[in-house]
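Coordinate inspection notes
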Amino acid sequence: MTNPQEQAIINAILADSLAKQEEKGPDLRQLHPKSHGLVWGEFIIEENLPDTLQIGVFKTVRSYPVWIRFSNGGGLEERGKFKSDKQPDVRGMAIKLMNVEGEKVLDDEEKTQDFVLVNSFIFFLRDLQGYVNLAKLQKGELDPASMSYELGLLAKMSAQQVSSPLSIQYGSTTSYQLGNQAIKFCVRPHSDNEISPSSADSENYLREAIVKHLTTEGKDAYFDFLIQMYVNDEKTPIEDSTIEWQQTDSPFVKVATIKIPSQVFDTEERKRLDEGLSFTPWHTLPEHQPLGAVNLARKKIYQEATRNRREHIQQRLREPQPYGQNNS
C-alpha cells in the first residue's frame with residue numbers, strides 16, 4: 001500500500017505520462033515503442049528444483065507457450081519516427097507466459113504471467129521522487145547537475161554495444177516476490193545465439209538480426225531464465241534498484257529454459273498482434289508480484305497508459321478510412 005504522499009507522486013507521474021502519450025500519439029506505445037519483433041516460443045521449467053523454488057509458475061515441471069517482444073526503450077520522436085538502432089538506448093525483452101492458471105493481481109488477463117526485463121541489472125532511478133525529477137528535467141525545470149548520479153547510470157545502461165537482441169543478457173532491475181522470498185531475475189543467452197552484425201549500418205538492424213537468425217538461417221534461439229535470492233538489506237536492497245545484487249553474495253540459479261524456434265515473424269499480421277499486446281510486471285500471480293515503491297508506481301502507470309492506448313486504438317479502427325485505404 002502507498003501513503004498519501006506516495007500516491008500524490010504516482011498521480012503526478014501518471015498525469016505527465018498520459019500528457020506525453022497524447023502529444024506523441026495516444027494510440028501508440030510510449031514505453032518501449034520500437035519493436036524488433038514479437039516471437040513465439042516455449043518457457044520450460046527445470047527439473048529437480050529445490051522445494052524453496054517450486055513456487056508459482058515454477059511449481060511443476062512443464063512447458064508454457066510464450067510470446068516474447070524485443071524492443072528499444074527510447075520514446076517516440078514523432079508519429080511514425082522511431083529512434084535509430086544505431087543510437088545508444090536501453091534494449092528490452094518482455095515475456096508473456098500463456099495458460100497460467102490461478103488468480104492474478106490484475107484482472108484484465110486471466111491466464112498470463114509477464115516478466116519484463118532490460119539489458120541491465122540496475123534501474124537508474126532510486127525512488128518515486130526520481131520520476132518526478134526526471135519529468136522536471138525533461139521540461140527544463142531542473143538543473144541536470146542535480147541528477148548527475150541518475151543520468152550517469154542511464155548513460156551506462158544505454159551504452160552497451162548490441163549486435164542482436166538474441167545475444168545479450170537482460171535483467172529485472174527491480175525486486176519481485178517468490179512466495180515469501182524476494183528475488184531478482186535475469187535472462188542469459190546461449191552462446192549459439194551469437195550472430196555477426198552484418199546489417200549494423202541499418203536504422204533497424206536489430207530487427208534484421210533476429211530475422212537473419214530465426215528466418216533466413218532457420219536457427220532456434222535459447223536463453224536461460226535465472227533467479228537471484230535476497231540476502232539482506234545491505235547486500236541486496238529491495239527499495240534502491242540503483243544498487244546491483246552481486247553474484248558473489250547471491251549467485252544466479254537456473255529455473256527455466258526459453259526456446260524460440262525458427263520462425264517467420266516479420267509480417268503485418270504479427271506486427272498488429274504486437275501492437276495489441278500489453279506487457280506489465282503486474283500481469284502476475286501473487287506469488288511473483290513486484291516489490292518496492294518504484295514497482296507500485298509502474299502498476300498504475302502501466303494500467304492507465306495501456307487502457308488509454310487501447311481506447312484510442314479502438315477509436316482509430318472505428319473511424320472511416322479514406323477511399324482506397326486498407327483498414328484490415
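Residues numbered from 1 in each chain as written. Predicted model: local features only at pLDDT ≥ 70, side-chain atom pairs only at ≥ 80, totals over all residues. Heavy atoms only, no water.

Topic: the packing of aromatic side chains
Throughout the structure, instances matching the rule amount to 15 aromatic pairs. Considering the side-chain rings of F115 and F225, the 4.9 Å spacing of their centres and the 50° angle between planes classify their relative orientation as tilted. One end of the pair, F115, is in strand β4 (residues 113–118); the other, F225, is in strand β8 (residues 221–229), with 110 residues separating them in the sequence. Of the two residues, F115 and F225, neither departs from the other in class, the shared state being buried. Here F123 and Y131 contribute two aromatic rings whose centre-to-centre distance is 6.3 Å and whose plane-to-plane angle is 45°, an arrangement assigned as tilted. Residues F123 and Y131 agree in their burial class; the two are buried. An aromatic cluster is built from F43, F58, F115, Y176, F185 and F225, whose rings are joined through pairwise contacts. The residue whose ring lies beneath R62 is Y64, and the NZ or CZ to ring-centre distance is 3.8 Å. Stacked on the ring of F279, the Lys or Arg K96 has its end atom at 4.9 Å from the ring centre. (Phe/Tyr/Trp six-rings, centres within 6.5 Å; stacked < 30°, edge-to-face > 60°. Helix = DSSP H or I, 4+ residues; strand = E, 2+ residues; numbered from the N terminus. Buried < 20%, exposed > 50% of the residue type's maximum accessible area, 1.4 Å probe, protein only. Lys NZ or Arg CZ within 6 Å of the ring centre and 35° of its normal.)

Focus on helix α2 (residues 128–138)
If you check which residues of α2 are buried, you get L128, G130, Y131, V132, L134, A135 and L137. With a side-chain oxygen lying 3.3 Å from the backbone nitrogen of Q129, the N-terminal cap of α2 falls on D127. Just past α2, the residue G140 takes up positive phi, approximately 80°. (Polar contact = N/O pair within 3.5 Å; in protein donor to acceptor, adjacent residues only side chain to side chain.)

Quick look at the pattern of salt bridges
The tally for this structure, following the rule as stated, stands at 14 salt bridges. A salt bridge links K254 to E46; its shortest N-O distance comes to 3.8 Å. One end of the pair, K254, is in strand β9 (residues 253–260); the other, E46, is in the loop between β1 (34–45) and β2 (63–72), and 208 residues separate them in sequence. A relative accessible area of 25% means that E46 is categorised as partly exposed. Linking K96 and D114 is a salt bridge whose minimum nitrogen-to-oxygen distance equals 3.0 Å. Of this pair, K96 sits in strand β3 (residues 91–97) while D114 sits in strand β4, and the two are 18 residues apart along the sequence. (Salt bridge = Lys/Arg side-chain N within 4 Å of Asp/Glu carboxyl O.)

Quick notes on the nonpolar core
One recurring pattern in soluble globular proteins: nonpolar side chains tend to sit buried together. Ranked by size, the top nonpolar core spans 42 residues in total, and within it F43, I95 and F225 carry the most contacts. The biggest single contributor to this core is β8, with 5 residues. Every residue in contact with F225, bar those within four places of it in the chain, is listed here: F43, F58, I95, F115, F185, C186, V187, V253, K254, V255, A256 and I258. (Core = buried A, V, L, I, M, F, W, Y, C linked by side-chain atoms within 4.5 Å. Contact = heavy atoms within 4.5 Å.)

Looking at unusual backbone geometry
Backbone geometry places N48, a non-glycine residue, at a positive phi of 60°. Considering the arrangement of structural elements, one finds N48 in the loop between β1 and β2. Given the relative accessible area of 75%, N48 is considered exposed. Phi angles above zero are rare outside glycine, and N99 is one such case at about 60°. Structurally, N99 can be placed in the loop between β3 and β4.

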